[in-house]
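Results of the structural survey
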Amino acid sequence: MSNYKYSTLAVHAGQYPDPLTGAVNVPVYLSSTFELTGIGADRGWDYSRAGNPTRDRLEEALAALEGGSCAYVFASGMAAISALVAMLHTGDHVLCSHNVYAGTVRLFNQIVSHYGIEIEYVDTSDLKAVEAAIRPATKLIHVETPSNPTMVLSDIHAISELAHAHGAEVSVDNTFMSPVLQSPLALGADIVVHSTTKYLNGHSDGIGGAIIGSKPEHKDRFWLVQKAAGGILSPFECFLVLRGIKTMPLRVKQHEENGRAVAEYLATHTKVSRLAYPGLKSHPQYELALKQQKGFGSMLSFDLGSREAAGRFLGALKIFLNAESLGGVESLASHSATTTHAALTAGERAAAGITEGMIRLSIGIEDKEDLIADLEQALAAV
Ligand SMILES: Cc1ncc(COP(=O)(O)O)c(C=O)c1O
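The rules we used
Residues numbered from 1 in each chain as written. Predicted model: local features only at pLDDT ≥ 70, side-chain atom pairs only at ≥ 80, totals over all residues. Heavy atoms only, no water. Pairing = 2+ DSSP bridges. Helix = DSSP H or I, 4+ residues; strand = E, 2+ residues; numbered from the N terminus. Axes fitted to C-alpha atoms, helices over the stretch in contact; angles between N-to-C directions. Contact = heavy atoms within 4.5 Å. Near = heavy atom within 4 Å. Polar contact = N/O pair within 3.5 Å; in protein donor to acceptor, adjacent residues only side chain to side chain. Areas by Shrake-Rupley, 256 points an atom, 1.4 Å probe, with all protein chains shown as cover. Nonpolar A, V, L, I, M, F, W, Y, C, P; charged D, E, K, R; others polar.

**Some remarks on the sheet that holds strand β7 (residues 209-213)**
- The strand order β1-β7-β6-β5-β4-β2-β3 describes an open sheet built from seven strands, whose pairing is mixed. One side of each edge strand has no neighbouring strand; the edge strands of this open sheet are β1 (70-74) and β3 (118-122). Recorded for the sheet is a direction-independent mean angle of 20° between the axes of neighbouring strands.
- Note: strand β2 (residues 93-97) against β3, five bridges, orientation parallel. Within β3, the residue paired with V94 across the bridge is I119.

**Describing the sheet that holds strand β11 (residues 332-335)**
- Taken together, five strands build an open sheet; the order of strands is β8-β9-β12-β11-β10 and the sheet is mixed. Strands at the two margins of the open sheet, each flanked by one partner only, are β8 (273-276) and β10 (321-322).
- By the bridge criterion, four bridges tie β11 to strand β12 (residues 358-362) in an arrangement that is antiparallel. Of the residues in β12, the one forming a bridge with A333 is L361.
- The sheet strands contacting helix α11 (residues 307-316) are β9 (299-303), β10, β11 and β12, and the helix crosses β11 at an angle near 155°.

**Re the site of the ligand**
- Surveying the vicinity of the ligand reveals 15 residues, the closest of which are G77, M78, D173, S195 and T197.
- In this structure, S195 approaches the ligand through a side-chain N or O atom, which is 2.8 Å from an oxygen atom.
- Between T197 and the ligand, the recorded distance is 2.7 Å, taken from a side-chain N or O atom to an oxygen atom.
- Protein burial of the ligand: of its 390 Å² of free accessible surface, 92% is covered by the chains.
- Here the shell around the ligand gets three residues from one element, more than from any other, and that element is helix α3 (residues 77-86).
- Counted by class, the shell around the ligand contains five nonpolar, seven polar and three charged residues.

Shown next, in the form of structure tokens:
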């Protein structure tokens, strides 16, 4: 399988005909328990928290798509990030990109830190700052690139080299890029996490998360967390993600084409400032985007100057929906300060560069001319 090109993998990895019936789609095994064949003997499954045939197939597909050796899926992206840090110990130190998804900050600051795990935020786009922050107790560097919603990139390869020289692992939240456009493990990272809610599912009809590991110990570690803590993805949700994955390369191609067109349009608009899209030559890390990404994606953010202007813009949109989340076929616009980053304090938002006038767009797969016309009429209302 691993010799196949990407779109072939997306259709076929983990998604072979059902051995029992020949069904070309992975069946949804809605069974909590499985008949044993004897004492301590089974057909490969005994209880669905520990393993389920539908979930196995999704995990196989995800490991192939990220080039990992194992994958485990969870009930949400946050459950996957919880599982990522579940095996750390009191006294361990974690470095985390300073402008990650606010839900990650909420989890780290309000729950994980209570277990005596120290989380320190650092600007991971600044390699010197990363190196200076590494300590003997640093076990993990958790990177989100591009960052949400400021679209700042971190150099995965360079951070991985630094981390490995100090005995730490690197995890990358690859949600914004999707496995199609960025391969953190190939760049040297150890672990990838995803909110499958986004491009992997792709249709905004399910919540889920995944961890993809690269080492044999990841298999033991994350399988134990999945089984012991129990935050599993249901078989039906697994099926939805499996179905989404088949069209993901096609969808992401269209998302990206539209993303580039919208970014180029917004770059010319006088009411738009601080436009952040890694595919624009004006983006300070355009060269890094070319080097480590296979495309520029379809997420961007910009500033309309004030909360009131942002409100007028969102209220005037006709095709873009005023909703959080991203990576679905429909285009979404959201006010970062009061949605995805509402969990941060005003000070934390300011430090992360999230202003009251900031709008984040997730560009869908509609016709780009319609999307640009919608933005134009909404900007006229600002
Ligand atoms: C980059 C990123 N990581 C993780 C998450 C959390 O995923 P979920 O909402 O599936 O728990 C999100 C949610 O928006 C996200 O944007």
